[in-house]
Amino acid sequence: DVKVTQSSRYLVKRTGEKVFLECVQDMDHENMFWYRQDPGLGLRLIYFSYDVKMKEKGDIPEGYSVSREKKERFSLILESASTNQTSMYLCASSPVEGTDTQYFGPGTRLTVL
Amino acid sequence: RKEVEQDPGPFNVPEGATVAFNCTYSNSASQSFFWYRQDCRKEPKLLMSVYSSGNEDGRFTAQLNRASQYISLLIRDSKLSDSATYLCVVNRDNYGQNFVFGPGTRLSVLP
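Bear in mind that the values here come from a model prediction, so they are computed numbers and not experimental data.

(A) Representation of the interface of chain B and chain A. The partner chain A presents 22 residues to the 19 residues of chain B that form the contact. Carbon and sulfur atoms supply 46% of the area buried between chain B and chain A, which totals about 1,600 Å² over both sides. If you sort the residues of chain B by the area they bury against chain A, Glu43(B), Gln97(B) and Phe101(B) come out on top, with a joint share of 37%. Taken together, the connections running from chain B to chain A amount to one salt bridge. The partner of Arg92(B) in a salt bridge is Asp59(A), with the nearest N and O atoms 3.2 Å apart. At the boundary of chain B and chain A, one finds seven residue pairs in polar contact (both at pLDDT 80 or more). Elements that contribute at least two residues to the side of chain B that touches chain A include exactly strand S4 (32-38), strand S5 (44-50) and strand S10 (99-101) of chain B. The element that contributes the greatest number of residues to the side of chain B that touches chain A is S4(B), accounting for four residues. Partitioning the side of chain B that touches chain A into residue classes produces eight nonpolar, six polar and five charged.

(B) Inspection of the state of the cysteines at higher detail. Residues and elements named next belong to chain A. Applying the stated rule across the entire model yields two disulfides over all chains. Paired by a disulfide, Cys 23 and Cys 91 hold their sulfur atoms 1.8 Å apart. Between Cys 23 and Cys 91 the sulfur-sulfur dihedral comes to about -75°; the bridge is accordingly left-handed. Linking Cys 23 in strand S3 (residues 19-25) with Cys 91 in strand S9 (residues 87-94), this pair joins segments that are 68 residues apart in sequence.

(C) Spatial organisation of the side chain of Ser49(A). All names here are of chain A. Mapped onto the elements, Ser 49 comes out in strand S5 (residues 42-49). Owing to a relative accessible area of 0%, Ser 49 belongs among the buried residues under this scheme. Polar contacts involving the side chain of Ser 49 include one to the main-chain carbonyl oxygen of Asp 51, which spans 2.8 Å. Within the structure, the side chain of Ser 49 is placed 3.0 Å from the side chain of Arg 68, a separation counted as a polar contact. Ignoring sequence-local partners within four residues, the contact set of Ser 49 consists of Glu 30, Asn 31, Met 32, Met 54, Lys 55, Arg 68 and Phe 74.

(D) Geometry of the pairing of strand S9 (residues 84-91) of chain B. Residue and element names in this part refer to chain B. Burial analysis of S9 places eight of its eight residues in the buried class, the great majority of the element. Residues Ala 84, Tyr 86, Cys 88 and Val 90 point to one face of S9 and Thr 85, Leu 87, Val 89 and Asn 91 to the other, with burial holding for every one of them. Pairing geometry for S4 and S9, over seven bridges, is antiparallel. Of the residues in S9, the one forming a bridge with Phe 34 is Val 89. Pairing analysis gives three bridges linking S9 to strand S11 (residues 105-110), with the strands arranged antiparallel.

(E) Local environment of the environment of Thr24(B). All names here are of chain B. On the secondary structure map, Thr 24 appears in strand S3 (residues 19-25). The exposure class assigned to Thr 24 is partly exposed, which follows from its relative accessible area of 27%. Each C-alpha atom, one on Thr 24 and one on Asp 7, is 9.7 Å from the other, the two residues being 17 residues apart in sequence. Not counting the four nearest positions on each side in its chain, Thr 24 is found in contact with Arg 1, Glu 3, Val 4, Glu 5, Gln 69 and Tyr 70.

Conventions and cut-offs
Residues numbered from 1 in each chain as written. Chains lettered and ligands numbered in written order. Predicted model: local features only at pLDDT ≥ 70, side-chain atom pairs only at ≥ 80, totals over all residues. Heavy atoms only, no water. Contact = heavy atoms within 4.5 Å. Buried area = accessible area lost by both parts, 1.4 Å probe. Salt bridge = Lys/Arg side-chain N within 4 Å of Asp/Glu carboxyl O. Polar contact = N/O pair within 3.5 Å; in protein donor to acceptor, adjacent residues only side chain to side chain. Helix = DSSP H or I, 4+ residues; strand = E, 2+ residues; numbered from the N terminus. Nonpolar A, V, L, I, M, F, W, Y, C, P; charged D, E, K, R; others polar. Disulfide = S-S within 2.5 Å. Buried < 20%, exposed > 50% of the residue type's maximum accessible area, 1.4 Å probe, protein only. Pairing = 2+ DSSP bridges.

Listed below in structure tokens is the structure:
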């Protein structure tokens, strides 16, 4: 069974803090993704990675960066958190071949005060 | 205009009812299509892929009309456990996965 885990379910930070959200998958998937989900807007792609040390911007990368030093781990970094980054953050992974399915982690609800 | 649009609902239906969800997408180059299901406070999970010929999985039927850029999901004989938000998902990319998610349609099946 595919397992995608995220470091925290709930996180509260202050404006200007540096925030790290960690995602780990145990299925040796090449592809990993970070989304944010907001009411009425659906999931929006922030960054994705098709391989170790590789990253590509999604639709809303501003204010975020990512790191993929190991295949199983994909980190999302908010360099200086702002209140408009309060959201649900979802990580997903998928294999390169065999399926288009993305497997999601449980999400991190981040509140920036 | 959003790239993927859905009726947000909520759809409140009695058990046993048939309910249909619609989805439209604006990018005619979109390559593959899916329905995901998201339970309250949970992560999205794949419900089914949508093929050009239409496909069925038990009580669920998905249809794709590329000419109209329209996707549908039909649920027959609704169960209480079908209550969830249904997300229409479009892959823009031919070689990778560049998914665009619709905002979702919320379904409540009532006893």
